[in-house]
Amino acid sequence: IFRTDNGVFNIKYFPQIVDFRTGKTLNTPARIGHKTGIIEVSQLSMIKYTVAMRMIILLHEFSHKYKNPKMGLNISDEIGADINALYIYLGLGFSKVDAIFVFGNVFLKAQSPSNMERMRKIMDYIKRFENEEFAKIIK
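Residues numbered from 1 in each chain as written. Predicted model: local features only at pLDDT ≥ 70, side-chain atom pairs only at ≥ 80, totals over all residues. Heavy atoms only, no water.

Caption draft 1: Examining unusual backbone geometry more closely. Despite not being glycine, glutamate 132 has its phi angle at roughly 60 degrees, a positive value. Relative to the assigned elements, glutamate 132 resides in the segment after helix 5 (113-130). For glutamate 132, a relative accessible area of 35% puts it in the partly exposed group. (Helix = DSSP H or I, 4+ residues; strand = E, 2+ residues; numbered from the N terminus. Buried < 20%, exposed > 50% of the residue type's maximum accessible area, 1.4 Å probe, protein only.)

Listed below in structure tokens is the structure:
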């Protein structure tokens, strides 16, 4: 368990994430408790990713609990968490390539129309971010 000094942020690192109700192993690399804010991380999934890829995954989970509600979004809003995470991630200078790869990899394991829509919105957001549509530089 990783815990910040003030105890606000907690990450539990497991060999794999297991659904406590069914006992089945989940494919997700991470998840966050909507009430507790505790992030659970799967070593099996995360070990193969770069630091940047791990960062976007953790920022996505963080955004569910700590950014979505501040934006007026439902805590479970996946696209909101994707975009909020990308805003932080790209703003810190991390690689768009790593973000695209990890989202694509996660969605490949859970193909659905909603995940295809998420990927389209992620790509659109990255393109707009790169074109400085959100942070115009005034000279």
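Read on for the rest.
Caption draft 2: Layout of the pairing of strand 4 (residues 39-42). Residue alternation in strand 4 divides its side chains into two sets, Ile39 and Val41 and Glu40 and Ser42, and both sets are buried. With 4 bridges connecting them, strand 2 (residues 10-14) and strand 4 associate as parallel partners. Residue pairing for strand 4: phenylalanine 14 is matched across the bridge by serine 42. Summarising the sheet, strand 3 (residues 30-32) and strand 4 pair through 3 bridges and their orientation is antiparallel. Considered in strand 4, the bridge of isoleucine 32 is made with isoleucine 39. Hairpin remark: strand 3 followed by strand 4, antiparallel, with 6 residues in the connecting loop; positive phi at glycine 37, about 80 degrees. (Pairing = 2+ DSSP bridges.)

Caption draft 3: Highlighting the environment of isoleucine 100. If you trace the backbone, isoleucine 100 turns up in helix 4 (residues 96-108). Assessed through its relative accessible area of 25%, isoleucine 100 is described here as partly exposed. With 26 residues separating them along the chain, isoleucine 100 and isoleucine 126 place their C-alpha atoms 9.0 Å apart. If sequence neighbours within four positions are ignored, isoleucine 100 has contacts with Met119, Met123 and Ile126. (Contact = heavy atoms within 4.5 Å.)

Caption draft 4: View of the packing of helix 2 (residues 51-66) against helix 3 (residues 78-91). Contact geometry for helix 2 and helix 3: axes closest at 8 Å, N-to-C directions at 130 degrees. If you check the angle between helix 2 and helix 3, you find them oblique. As for the relative orientation of helix 2 and helix 3, their crossing is right-handed in sense. For the pair formed by helix 2 and helix 3, the contact residues are Ala52, Met55, Ile56, Leu59, His60, Phe62, Ser63 and His64 on the first element and Glu78, Ala81, Asp82, Asn84, Ala85, Leu86, Ile88 and Tyr89 on the second. Residue composition of the contact of helix 2 with helix 3, grouped by class: 10 nonpolar, 4 polar and 2 charged. (Axes fitted to C-alpha atoms, helices over the stretch in contact; angles between N-to-C directions. Parallel < 35°, antiparallel > 145°, perpendicular 65-115°, else oblique. Left-handed = near helix turned anticlockwise from the far one by under 90°. Nonpolar A, V, L, I, M, F, W, Y, C, P; charged D, E, K, R; others polar.)

Caption draft 5: Layout of helix 5. The terminal C-alpha atoms of helix 5 lie 26 Å apart, and with 18 residues this matches the ideal 26 Å at 1.5 Å per residue to within 8%. In this structure, the buried side of helix 5 is in contact with helix 2, helix 3 and helix 4. Trailing helix 5 by a residue or two, glutamate 132 shows a phi angle of about 60 degrees, which is positive. (Expected span 1.5 Å × (residues − 1).)

Caption draft 6: Molecular detail of the packing of aromatic side chains. Taken as a whole and assessed by the stated rule, the structure comprises 6 aromatic pairs. Measuring from ring centre to ring centre gives 5.1 Å for phenylalanine 9 and tyrosine 66, while their planes differ by 70 degrees; the resulting arrangement is edge-to-face. Placement of phenylalanine 9 in the loop between strand 1 (2-3) and strand 2 and of tyrosine 66 in helix 2 is noted, with a sequence separation of 57 residues between them. The exposure class assigned to phenylalanine 9 is partly exposed, which follows from its relative accessible area of 35%. The interplanar angle of 15 degrees and the centroid separation of 5.0 Å between the aromatic rings of tyrosine 89 and phenylalanine 94 together place this pair among those described as stacked. Taking the relative accessible area as the measure of exposure, phenylalanine 94 reaches 26% and is therefore partly exposed. Grouping aromatic residues by their ring pairs yields a cluster made of Phe9, Phe62 and Tyr66. (Phe/Tyr/Trp six-rings, centres within 6.5 Å; stacked < 30°, edge-to-face > 60°.)

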